[in-house]
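Residues per chain are reported as follows:
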Amino acid sequence: MLPIERRQQLLEWLKKEGTLSITEISKRLQVSEMTIYRDIKPLIDEKKIIKTTGGISLAPAVDVSSTACTYCLKEGNNRHPFQIITHDLRVEQLCCPHCGLLRFKDIEKEVSQIICRDFLQNTTISAKMAHFLMDADFNLNCCQPQVLTFASLKQAEQFQKGFGGMILSFEEAIEETQARMNGKKGCCCNNREGMVE
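The structure presented is a predicted model; accordingly, all values stated were derived computationally and were not measured.

Basis of the calculations
- Residues numbered from 1 in each chain as written.
- Predicted model: local features only at pLDDT ≥ 70, side-chain atom pairs only at ≥ 80, totals over all residues.
- Heavy atoms only, no water.
- Axes fitted to C-alpha atoms, helices over the stretch in contact; angles between N-to-C directions.
- Helix = DSSP H or I, 4+ residues; strand = E, 2+ residues; numbered from the N terminus.
- Parallel < 35°, antiparallel > 145°, perpendicular 65-115°, else oblique.
- Left-handed = near helix turned anticlockwise from the far one by under 90°.
- Contact = heavy atoms within 4.5 Å.
- Nonpolar A, V, L, I, M, F, W, Y, C, P; charged D, E, K, R; others polar.
- pLDDT = per-residue confidence, 0-100.
- Pairing = 2+ DSSP bridges.
- Core = buried A, V, L, I, M, F, W, Y, C linked by side-chain atoms within 4.5 Å.
- Buried < 20%, exposed > 50% of the residue type's maximum accessible area, 1.4 Å probe, protein only.
- Expected span 1.5 Å × (residues − 1).

1. Here we look at the packing of helix α1 (residues 3-17) against helix α2 (residues 22-29)
When two helices pack together, their arrangement is given by the angle between the helix axes and the distance between those axes.
And then number 1: Interhelical geometry of α1 versus α2 gives an angle of 125° and a closest axis separation of 12 Å. One element, α1, and the other, α2, form an angle in the oblique class. Seen from above, α1 lies across α2 with right-handed handedness. Residues R6, Q9, L10, W13 and E17 of α1 form the contact with α2, whose participating residues are I25, R28 and L29.
And then number 2: In the contact of α1 with α2, the residues fall into four nonpolar, one polar and three charged.

2. Re the confidence of the model for the chain
And then number 1: Taken residue by residue, the chain gives an average pLDDT of 84. The fraction at 70 or more is 86%.
And then number 2: The secondary structure element of the chain with the lowest average pLDDT is strand β2 (residues 49-52), at 83, and the one with the highest is strand β10 (residues 166-168), at 97.
And then number 3: Of the regions scoring below 50 in pLDDT, residues 190-197 engages in 13 contacts with residues more than four places distant in sequence or in other chains.

3. Comments concerning the sheet that holds β10
And then number 1: Spatially, β9-β8-β10 is the arrangement adopted by the three strands of the open sheet, whose pairing is antiparallel. Taken across any chain shown, the strands that pair with only one partner, and hence form the sheet edges, are β9 (147-150) and β10. Direction aside, the axes of adjacent strands within the sheet are offset by 30° on average.
And then number 2: Looking at chain direction, strand β8 (residues 131-134) and β10 are connected through three bridges and run antiparallel. Residue pairing in the sheet places L133 in a bridge with I167 of β10.
And then number 3: Strand contacts of helix α5 (residues 153-163): β8, β9 and β10, with the helix running at about 160° to β10, the strand carrying the most contacts.

4. Regarding the nonpolar core
And then number 1: If you look at the biggest cluster of nonpolar residues, it comprises 28 residues, and the most contacted ones within it are C95, C99, F132 and F170.
And then number 2: Counting only elements with at least two residues in this core, the list comes to β4 (82-86), α4 (97-106), β6 (111-117), β8 and α6 (170-181).
And then number 3: L14, I22, I25 and L29 belong to the second largest nonpolar core, which has 14 residues in total.

5. Digging into the sheet that holds β2
And then number 1: On the basis of which strands lie adjacent, the open sheet formed by three strands has the order β1-β3-β2 and antiparallel pairing. A strand with exactly one partner marks an edge of an open sheet, and here the two such strands are β1 (19-21) and β2. Strand-to-strand twist of the sheet, defined as the mean angle between neighbouring strand axes without regard to direction, takes the value 30°.
And then number 2: Strand direction decides the pairing type here: β1 and strand β3 (residues 55-58), joined by three bridges, are antiparallel. Within β3, the position partnered with S21 by the bridge is G55.
And then number 3: Of the strands in this sheet, β1, β2 and β3 are in contact with α1, which crosses β3 at around 80°.

6. Examining α1
And then number 1: For α1, with 15 residues, the first-to-last C-alpha span of 21 Å sits near the 21 Å given by 1.5 Å per residue.
And then number 2: The inward-facing, buried residues of α1 abut β1, α2, α3 (33-45), β2, β3 and β6.
And then number 3: G18 sits one or two residues past α1 and shows a positive phi near 90°.

Listed below in structure tokens is the structure:
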């Protein structure tokens with residue numbers, strides 16, 4: 001298979017699966033990881049894909065006209081934003097992991113990718129592979145319950161030792177955030193009046 005054919009195949013897989021690891025791509029295409037890195041460089045340069053922790057994702061088509069959170073409608077000036085990219089390549093900006101998890105659950109079947117930022121490293125990661133820290137004694141003045149994201153479980157555990165809280169997987173974080181929004185434990189993210197689903 002020619003490099004151009006491998007790149008096209010890569011883009012097709014990413015449209016269906018969202019995020020892929022370099023190792024997985026190497027196995028599927030039966031070429032070395034070094035060959036994969038050479039193949040993806042032009043795609044990164046053309047801003048068709050982005051590097052994530054341990055792999056690659058399609059680059060979102062960023063809409064700079066709106067910085068408001070799709071879920072709570074706050075201005076998205078937060079340092080730990082979320083992005084949801086749908087199958088039809090619509091990009092939704094969310095102010096924080098709290099809103100990102102809730103919005104994902106609302107439109108789960110439409111979602112191609114969900115991307116967030118590592119709280120400590122400020123690097124882009126797939127939310128499905130992240131570790132979520134909830135109830136840490138560290139106030140960012142954002143939606144409650146506050147949720148922080150980490151690429152590394154070890155770093156999440158170290159942060160937890162200093163600031164408390166509980167570490168959850170992607171699915172667990174969705175369930176816990178939803179439970180609190182349903183009134184079981186309370187929440188103060190109430191800027192959603194007039195929100196159209």
